[in-house]
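A closer look at the structure
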Amino acid sequence: MPHFTVVPVEDSATSNYDSLEGINWVDYRDTGQGGHPGHLDTVSSDGHGNHSEDSPFLSSADAVKKTDFYDRNLALFEEELDIRPKVSSLLSRLVNYTNITQGAREHEDAENTETSRRKSPNMGTLMGVYLPCLQNIFGVILFLRLTWIVGTAGIVQSFLIVLMCCSCTMLTAISMSAIATNGVVPAGGAYFMISRSLGAEFGGAVGICFYLGTTFAAAMYILGAIEIFLKYLVPQAAIFHASDHHGGDSAILNNMRVYGTICLSLMAVVVFVGVKYVNKLASLFLACVIISIVSIYAGAIKSVFQPPDFSICMLGNRTLVRDQFDVCSKTVLEGNVTVPSQLWRNFCSSGNMSSPQCDDYFNQNNVTEIQGIPGLASGIIRDNMWGDYLEKGQILEKAGLPSVDVHGAVESIGLYVSADIATSFTLLVGIFFPSATGIMAGSNRSGDLKDAQKSIPIGTILAITTTTLVYFSSVVLFGACIEGAVLRDKFGDAVSKNLVVGTLSWPSPWVIVIGSFFSTVGAGLQSLTGAPRLLQAIAKDNIIPFLRVFGHGKANGEPTWALLLTGLIAELGILIASLDMVAPILSMFFLMCYLFVNLACAVQTLLRTPNWRPRFKYYHWALSFLGMSMCLALMFISSWYYAIVAICIAGMIYKYIEYQGAEKEWGDGIRGLSLSAARYSLLRLELGPPHTKNWRLIIMFFVSLDLHVKYPRLLTFVSQLKAGKGLTIVGSVIQGQFLDSYGETQASEQAVKNMMEIERVKGFCQVVVASKVREGIAHLIQSCGLGGMKHNTVVMGWPYGWRQSEDPRAWKTFINTVRCTTAAHLALMVPKNVSFYPSNHERFTDGTIDVWWIVHDGGMLMLLPFLLKQHKVWRKCKMRIFTVAQMDDNSIQMKKDLATFLYQLRIEAEVEVVEMVHSLIRMGSLYSDEEEEVVEPVADKIQMTWTKEKYEAERRNRNNAPENFRELMSLKPDQSNVRRMHTAVKLNEVIVNKSHDARLVLLNMPGPPRNTDGDENYMEFLEVLTEGLERVLLVRGGGREVITIYS
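Residues numbered from 1 in each chain as written. Predicted model: local features only at pLDDT ≥ 70, side-chain atom pairs only at ≥ 80, totals over all residues. Heavy atoms only, no water.

Looking at an unreviewed UniProt entry, one finds the protein named Solute carrier family 12 member 4, with Hucho hucho as its source organism. For the record of the protein, the UniProt heading Sequence similarities (unreviewed entry) holds the text "Belongs to the SLC12A transporter family. K/Cl co-transporter subfamily." What the UniProt record of the protein gives under Catalytic activity (unreviewed entry) is the line "K(+)(in) + chloride(in) = K(+)(out) + chloride(out)". (UniProt positions renumbered as here; feature names shortened; annotations may be inferred.)

Next comes the structure, spelled out in structure tokens:
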């Protein structure tokens, strides 16, 4: 713990701040709590460490008003103190922080003391963590099923089962300790730790699994309590009775359902009335558990000298149900007469010994009586070392006893002790694992602990160590003291319906029976108390919208609606009515939870985030991965189909939260993992430009903003191009100064993000402030992107109405952007007539996408239609490719070559070669970036194709020609502009003729002239080239190949 020394300093009224380097004036008074009632810290928090400030700038005006408030010793920082707290007030708030969940009081007696201060947490390791973990770990399985597991699996395999389960929970506890000691853990236990470590999606999915596990645990404990009640305490309370031995199982299950439902209702009422009663009885329930375990050890020690007298009756090598007869003999002596015993009458239809009609097996085998509890010194441990797995209905037999193997009568089956279910190693793992759960009890009580970061690791690991030793020693003691046939007798039928573990206890079997009954009732109450609170915590986080109603409760915060849902789900477990069937279900959910606890620790450790600084140092990512692997293995070992169901439930919840849940930024490890993966990938991409086969469309899309996004159909078109799995950066420029326009920038970014969300465009938004729009665009083109994820394509809209505009800056900015993209070797796309472009809800059922391939652009013209056709809007459109042949070209060979080229590109398209022989136009004249410095003489017939009259006719066909462009008519056109315009006119005629009904026309975009004096002519060329076409996409390649014929 660091030590701080506070030195009081006298205030000096005559300080001149002579020594600035050695200022020795210290003020440690809490200005946030004294003197000035209007002063509040302006730094707020949302409870998850995300701090926000009211203003990002210092307010000097306010500081002047509060000069008398601040000590002169902090005058240098008085403007900072307007928006940031002093160290003293910050430390005061941290010290007084309580991590008890607000609004959900743990005890109802707090209602009477609302005005009193909350008691500070003062529970230590023993009372706060160790004993609650013991109470939750020790439970119904230890008393009702462990002897049966030892008898069925044998000591060796039982050791293995205990080792697997306890190792899994120990590794999970180590991971949990690391997470719990990495900062303050608010009350909420496993859900809080996982959600804040792995994110809302994982947290919600695992939180629901943990909730379902806790709820089914309540059902399991209730079923255990009812089993003790009906089998060992009050057997005569059974409502349903078996008419024959075949109906015994259904009668037992129906009794369990009726009494289980009654018990669940009573427990729910107790929890609803007040949790304080449950908490007050917790110590009593824990005492019952400890006394019961001590009585087992005492009985085992006593059995060395004086084994308890529990004899079992064997017919041949078969075990008989002991409560159906009084004497273990075929005959009894009454006076001097030998008469049939009760056992004889059970197996024989006639009581006359002279002419008996008895069961064949009964006739040919002798009745023997052996000791059920031979004791620790008997050497019975050798017989119990290995397992004896049984099928359902198979009779329990003892190896080594003489027996004549003959079939007996079917009616006699009910007289033998038989297996009620088929057993296997995997089944026993699923049944035993719940007895290793409960390790989260300490973290769930973190709000009540004096020092949670110290108590949780020590208490939890000590509790697991203690319970593991108890389980190991119990396995050995049971195998060394109890006869194997009795161990395999699940319900104690061979020992007169006594609880098997109770036959070993001292001083009386009733100690175990009563103790285990109260401990299971207490564990059920604890589960019914904890599960609704967990559901309430998930609902209040608002990550699963449909659970929102369960966040509400009574006025004191008790989760009423959550308790109702918990009761309904627990009733489903009660209706299953079999402890052996319910146990694997909750094993799945707990294992799923533990798996993600280990995953959370491993991810945080491997990421090495700066905030990962656990006080618990004895962890390692390899241990976490081992624990995670063990959890996954145990899930599929115990029940593969339950494991698949649990994984599917968690997966569906994860996807639901991902698509429908509220966005939460909790600084979780998955986001950190994404950051690390992005960093790794970006560094790898820096090694060089991507290969042509890996080229993706990474778009920089420029939008103009007023109060909203102009031309949202542009964004729609960009979203339709995203089948290439590329990236989109939406950029915009605000004219002005950054310091004055920060708020406008934030609002603009939000408007763009909203529009991107509406159009379902995945990408990023970047709004910059610049004194000139063209400078801002140049900055975006140069600086956007990161490493290898820089944009390679620019999309911008056409400057509509550029002729009517009195301000030429709009179209000059457009041409400047074209020049910038050319200089940066970026591809360029300019959608024209964008208002006619389809929305994402429209479908083209027919039509064509026409590509006019004039000059080679690296394959962009080929690739773009293919990407568009991946979208549902354009999917049914066919692709046509046109190219232009001149006089010296062989058009037939061109068509064959182009078809072969497309076949090798794996692109399906119709091919057509258009001949423009009569125009005698050199196509390169329009698509050349170079201005021709030397004008060669041109033939008369070419001169006649461009006359002043024709030019005037073209201009008259266009409406509203502004005055500032009329002067162009009086200019004497040079030969370069004449040829470019002639090319544009003739090419437009051909395109309109061939593609007038096309859904979309893609066309090579000519480059702008290097001489800016010809910018007006360039805009006219583009207008002429695209005139009469409904939807046009002008495309300009970036100078590199984007498509290849190679695989």
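Following the structure, the description resumes.
Remarks on the overall build of the protein
Along the backbone of the protein there are 33 helices and 17 strands. Among the 1047 residues that make up the protein, the fraction classed as buried is 50%. Long-range contacts, defined as pairs at least 24 residues apart, comprise 81% of the intrachain contacts of the protein with a sequence gap of at least 6. In the form shown here, the protein has an accessible surface area of approximately 50800 Å², with 57% of it arising from carbon and sulfur atoms. (Helix = DSSP H or I, 4+ residues; strand = E, 2+ residues; numbered from the N terminus. Buried < 20%, exposed > 50% of the residue type's maximum accessible area, 1.4 Å probe, protein only. Contact = heavy atoms within 4.5 Å. Areas by Shrake-Rupley, 256 points an atom, 1.4 Å probe, with all protein chains shown as cover.)

With respect to the pattern of salt bridges
This model, assessed by the stated rule, comprises 14 salt bridges. Between Arg 145 and Glu 227 there is a salt bridge whose closest N-O contact spans 3.0 Å. Linking Arg 145 in the loop between helix 4 (140-144) and helix 5 (146-180) with Glu 227 in helix 7 (residues 200-233), this pair joins segments that are 82 residues apart in sequence. Of the two residues examined, Arg 145 and Glu 227, each falls in the buried class. Residue Arg 322 is joined to Glu 369 by a salt bridge in which the shortest nitrogen-to-oxygen separation is 3.6 Å. Residue Arg 322 is found in the loop between strand 4 (318-319) and strand 5 (331-334), and its partner Glu 369 is found in strand 7 (residues 367-371); the two are separated by 47 residues along the sequence. On the accessibility criterion, Arg 322 (12% relative accessible area) is buried. Each of the salt bridges in this network shares a partner with another, and the network as a whole consists of Arg 145, Glu 227, Asp 420, Lys 490 and Asp 580. (Salt bridge = Lys/Arg side-chain N within 4 Å of Asp/Glu carboxyl O.)

Overview of the sheet that holds strand 3 (residues 311-315)
The strand order across the open sheet formed by three strands is 4-3-7, and the pairing between neighbours is antiparallel. Looking at which strands have only one partner, the edges of the open sheet turn out to be strand 4 and strand 7. (Pairing = 2+ DSSP bridges.)

Quick look at the environment of Ala 824
Within the secondary structure, Ala 824 sits in the loop between helix 26 (809-823) and strand 12 (827-832). Note: C-alpha distance between Ala 824 and Asn 792 (32 residues apart in sequence) is 9.1 Å.

A closer look at unusual backbone geometry
Note that the residue after Trp 506, namely Pro 507, is joined by a cis bond; omega there is 10°. Along the chain, Pro 507 turns up in the loop between helix 16 (500-504) and helix 17 (509-541). With a phi close to 60°, Ser 496 is a non-glycine residue in the positive phi region. Within the secondary structure layout, Ser 496 lies in the loop between helix 15 (484-487) and helix 16. A relative accessible area of 40% places Ser 496 in the partly exposed class. Although it is not a glycine, Arg 906 adopts a positive phi angle of roughly 60°. Structurally, Arg 906 can be placed in the loop between helix 28 (891-904) and strand 15 (910-915). Taking the relative accessible area as the measure of exposure, Arg 906 reaches 53% and is therefore exposed.

A few points about a nonpolar patch on the surface
A cluster of nonpolar side chains, contributed by Leu 632, Phe 636, Trp 640, Tyr 641, Ile 644 and Ile 647, occupies part of the molecular surface with about 580 Å² of accessible area. Those elements that provide at least two residues to the nonpolar patch are helix 20 (621-638) and helix 21 (640-660). The dominant element in the nonpolar patch, judged by the number of residues it contributes, is helix 21, at four residues. Inspection of the secondary structure puts Ile 644 in helix 21. (Patch = residues over 30% accessible without salt bridge, like charges linked within 9 Å, V, L, I, M, F, W, Y side chains within 5 Å.)

Quick look at a positive patch on the surface
A contiguous patch of positive charge on the surface is contributed by Arg 760, Arg 843, Lys 872 and Arg 875. Examined against the element boundaries, Arg 843 turns out to sit in the loop between strand 12 and strand 13 (848-853). (Lys, Arg positive; Asp, Glu negative; His and termini not counted. Charge placed at Lys NZ, Arg CZ, Asp CG, Glu CD.)

Some thoughts on the side chain of Ser 732
Relative to the elements of secondary structure, Ser 732 occurs in strand 9 (residues 727-735). Taking the relative accessible area as the measure of exposure, Ser 732 reaches 2% and is therefore buried. Within the structure, Ser 732 has its side chain in polar contact with the backbone oxygen of Val 703 (distance 2.9 Å). (Polar contact = N/O pair within 3.5 Å; in protein donor to acceptor, adjacent residues only side chain to side chain.)

Let's talk about the state of the cysteines
What the rule picks out here adds up to two disulfides. With a sulfur-sulfur separation of 1.9 Å, Cys 313 is cross-linked through a disulfide to Cys 328. As the torsion about the S-S bond is roughly 85°, the Cys 313-Cys 328 disulfide counts as right-handed. Remark: Cys 328 occurs in the loop between strand 4 and strand 5 and Cys 313 occurs in strand 3; sequence separation between them is 15 residues. The same class applies to Cys 313 as to Cys 328, namely buried. (Disulfide = S-S within 2.5 Å.)

Describing the sheet that holds strand 11 (residues 793-795)
Taken together, 10 strands build an open sheet; the order of strands is 10-9-8-11-12-17-16-13-14-15 and the sheet is mixed. Each end of this open sheet is capped by a strand with a single partner; those strands are strand 10 (763-770) and strand 15. On average, each strand axis in the sheet is inclined to that of its neighbour by 20°, with strand direction left out of account. Here helix 26 sits on the sheet in contact with strand 8 (698-702), strand 9, strand 11, strand 12 and strand 17 (1032-1036), set at roughly 150° to strand 12. Each of strand 12, strand 16 (1000-1004) and strand 17 touches helix 33 (residues 1015-1026); the most contacted strand, strand 16, lies at about 140° to it. (Axes fitted to C-alpha atoms, helices over the stretch in contact; angles between N-to-C directions.)

Remarks on the nonpolar core
Within soluble globular proteins, side chains that are nonpolar tend to cluster in buried spots. Of all hydrophobic cores here, the largest spans 168 residues; its most connected members are Met 220, Phe 432, Met 440, Tyr 471, Phe 478, Ile 482 and Phe 596. The element best represented in this core is helix 7, accounting for 22 residues. Val 767, Ile 849, Leu 898 and Val 1042 belong to the second-largest nonpolar core, a separate cluster that totals 51 residues. (Core = buried A, V, L, I, M, F, W, Y, C linked by side-chain atoms within 4.5 Å.)

Some details on the side chain of Asn 840
Of note, Asn 840 is situated in the loop between strand 12 and strand 13. At 3.4 Å, the side chain of Asn 840 forms a polar contact with the side chain of Ser 719. Side chain to side chain, Asn 840 and Gln 720 meet in a polar contact 3.2 Å long. If near-sequence neighbours (up to four positions away) are discounted, Asn 840 is found in contact with Thr 716, Ser 719, Gln 720, Glu 759, His 871, Lys 872 and Val 873.

So, the packing of aromatic side chains
Working definition: an aromatic ring pair is given by the centre-to-centre distance plus the angle between the planes. Across all of its chains, the model carries 28 aromatic pairs by this definition. Ring geometry for Phe 229 versus Phe 517: centroids 6.5 Å apart, planes at 35°, classification tilted. Here the residue Phe 229 occupies a position in helix 7, and Phe 517 occupies one in helix 17, the gap between them amounting to 288 residues. Taking the centre distance of 6.1 Å and the plane angle of 20° together, the rings of Trp 853 and Phe 901 count as stacked. Placement of the pair is Trp 853 in strand 13 and Phe 901 in helix 28, with a sequence separation of 48 residues. Exposure remark for Trp 853: the relative accessible area of 15% places this residue in the buried category. Among the aromatic residues, those joined into a ring-pair cluster are Trp 344, Phe 347, Tyr 361, Phe 362 and Tyr 416. Lying across the ring of Tyr 361, Arg 318 places its NZ or CZ 3.8 Å from the centre. (Phe/Tyr/Trp six-rings, centres within 6.5 Å; stacked < 30°, edge-to-face > 60°. Lys NZ or Arg CZ within 6 Å of the ring centre and 35° of its normal.)

Brief notes about the packing of helix 5 against helix 14 (residues 452-481)
Following both chains from N to C, one finds helix 5 and helix 14 inclined at 175°, their axes separated by 9 Å at the closest point. Between helix 5 and helix 14, the crossing angle belongs to the class labelled roughly antiparallel. Considering only residue class, the contact of helix 5 with helix 14 consists of 21 nonpolar, 10 polar and no charged. (Parallel < 35°, antiparallel > 145°, perpendicular 65-115°, else oblique. Nonpolar A, V, L, I, M, F, W, Y, C, P; charged D, E, K, R; others polar.)

Some words on the confidence of the model for the protein
The predicted model of the protein averages 78 in pLDDT, with 78% of residues at 70 or higher. Within the protein, helix 29 (residues 940-943) has the poorest average pLDDT of any element, 34, and helix 20 the best, 94. Every residue in residues 97-118 scores below 50 in pLDDT, and together they form 40 contacts with partners more than four places removed in sequence or on other chains. Predicted confidence is poor over residues 958-972, with pLDDT under 50, and the contacts of this stretch with residues over four places away or in other chains come to 23 contacts. (pLDDT = per-residue confidence, 0-100.)

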